[in-house]
Amino acid sequence: MPKSSLYLLLSGLFVLAVLASLSSGGRSDVGLNELFGVFNGSNSALANTVMIDIRLPRTVCAALIGICLGLSGLILQAVTRNPLASPSILGINQGAALGLVATLVFPQAAAIGVGFLSVTGAIVAGGLTFIIAGGLQGKLNSLRLILGGITVGAFAYAFARFALTLDDDVASAVLQWSAGNVGDVRWPDAQLLIGWSVLGMVITLLLSHRFNLLALGDSSAQGLGADPRVTLLIGTLLAAVLAGVCVSIAGPIAFVGIVIPHVCRYLFGLDYRVLVGAVSLTGATLMVIGDALSKWMGGPSEMPIGVVVALIGAPYFLYQTFMEKDLG
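Residues numbered from 1 in each chain as written. Predicted model: local features only at pLDDT ≥ 70, side-chain atom pairs only at ≥ 80, totals over all residues. Heavy atoms only, no water.

## Points about the packing of helix H3 (residues 45-80) against helix H12 (residues 272-297)
Between H3 and H12, the least distance of the axes is 7 Å, while the angle of their chain directions is 135°. By the angle class used here, H3 and H12 are oblique. Viewed along their axes, H3 and H12 form a crossing whose handedness is right-handed. On H12, the residues touching Arg58, Thr59, Ala62, Ala63, Ile65, Gly66, Ile67, Gly70, Leu71, Leu74, Gln77 and Ala78 of H3 are Tyr272, Leu275, Val276, Val279, Ser280, Gly283, Ala284, Met287, Val288, Asp291, Ser294 and Lys295. A class-by-class count of the residues in the contact of H3 with H12 yields 14 nonpolar, 7 polar and 3 charged. (Axes fitted to C-alpha atoms, helices over the stretch in contact; angles between N-to-C directions. Helix = DSSP H or I, 4+ residues; strand = E, 2+ residues; numbered from the N terminus. Parallel < 35°, antiparallel > 145°, perpendicular 65-115°, else oblique. Left-handed = near helix turned anticlockwise from the far one by under 90°. Contact = heavy atoms within 4.5 Å. Nonpolar A, V, L, I, M, F, W, Y, C, P; charged D, E, K, R; others polar.)

## Points about the pattern of salt bridges
For the structure on display, the rule yields 6 salt bridges. The structure contains a network of salt bridges with shared partners spanning Arg58, Asp291, Lys295 and Glu302. (Salt bridge = Lys/Arg side-chain N within 4 Å of Asp/Glu carboxyl O.)

## So, the packing of aromatic side chains
Across all of its chains, the model carries 3 aromatic pairs by this definition. Each ring, one from Tyr7 and one from Phe268, has its centre 5.0 Å from the other, and the planes form 50°; the classification is tilted. Residue Tyr7 is found in helix H1 (residues 3-22), and its partner Phe268 is found in helix H11 (residues 256-268); the two are separated by 261 residues along the sequence. We classify Tyr7 as partly exposed; its relative accessible area is 26%. On the numbers, 5.6 Å between centres and 65° between planes, the contact of Phe211 with Tyr272 is edge-to-face. Here Phe211 is found in helix H8 (residues 187-214), whereas its partner Tyr272 is found in helix H12, with 61 residues between them in sequence. Using a relative accessible area of 9% as the deciding quantity, one classes Tyr272 as buried. (Phe/Tyr/Trp six-rings, centres within 6.5 Å; stacked < 30°, edge-to-face > 60°. Buried < 20%, exposed > 50% of the residue type's maximum accessible area, 1.4 Å probe, protein only.)

## A few points about the packing of helix H4 (residues 92-105) against helix H6 (residues 142-162)
Axis separation between H4 and H6 bottoms out at 8 Å; the angle between their running directions is 25°. Here H4 lies roughly parallel to H6, going by the angle between them. Crossing angle aside, the handedness with which H4 passes H6 is left-handed. On H6, the residues that touch Gln94, Gly95, Leu98 and Val101 of H4 are Gly153, Ala156, Tyr157, Phe159 and Ala160. Class assignment for the residues of the contact of H4 with H6 results in 6 nonpolar, 3 polar and no charged.

## Here's the deal with the environment of Gln77
Of note, Gln77 is situated in helix H3. We classify Gln77 as buried; its relative accessible area is 3%. Each C-alpha atom of the pair Gln77 and Ala154 lies 21 Å from the other, and the pair is 77 residues apart in sequence. With residues up to four places along the chain from it excluded, the contact list for Gln77 reads Asn82, Pro83, Ala85, Gly257, Ile258, Pro261, His262, Arg265 and Tyr272.

## Regarding H11
Look at H11: 18 Å from first C-alpha to last across 13 residues, which is about the 18 Å you get at 1.5 Å a residue. Counting buried residues in H11 gives 10 out of 13 residues, a clear majority hidden from the surface. Of all the residues in H11, the buried ones are Val256, Gly257, Ile258, Val259, Ile260, Pro261, His262, Cys264, Arg265 and Phe268. Two residues or fewer past H11, Gly269 is found with a positive phi of approximately 95°. (Expected span 1.5 Å × (residues − 1).)

Geometric descriptors of this kind do not, in isolation, establish any biological role.
Okay, structure coming up:
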């Protein structure tokens, strides 16, 4: 199928997912008719509040988180040349989570900024993973990269879980947040994500040629003027920041970063200049679908979007693990 047709198909699916997300959630008496009533002025003040102040920022945030996490996974798989690399597998999500939990356990740390601590935790965790994998020697070992990510992630998550034993209120906040949820996001969160997602797409697009050269091997990339160490440093920092911002707003949402790049490579090919847009659109679509399903699958209360996305991504991760012939 031509790439233009694929983009058109994905765009149509995205629009349908947005309509499904905006037409449900919270009040059952506010549905699709009230969505269109926002534009023609036929809604009550309550319906407009539900649509504009609650559902719309939630849907926008879900889409933007899909963009950021998809790009983060694409970047990590490009710089490591490892098909299993993603923010959740390399411990980056867990490091960001630890940074955020620190603001709950130590209220004084909140003055520094939740987002800043989450991003810092993501960068530190990613750096430790790459050091374990041999990044300081300039040559990453794929198996050690995955094992290092699991180790760093488990270490960070253990400290985050330790917060559950300190205080009941802290434990409740940590448990609710750790499931991955966009139910409480509002327009300030959306504005922050808009800035980072646009910046992420622009920088990733600028790096896409380097990613294509890096796929040829370190020696080839170096010979063609793209120092692989510079690409690794910039790419890892960008991936960690994008993941850290998402974790600070919605909690750790796994599998988006590993599933979306693989699906897009299968559909659109291996050119990273094309994959940047494809991953952004597909990631946004998956997360908005997850948001709509989270409202329908939970019965009386909503199911966290992180659980819904994991139900989609975990089987694919197992499939990719068993299909990958050489992880070393």
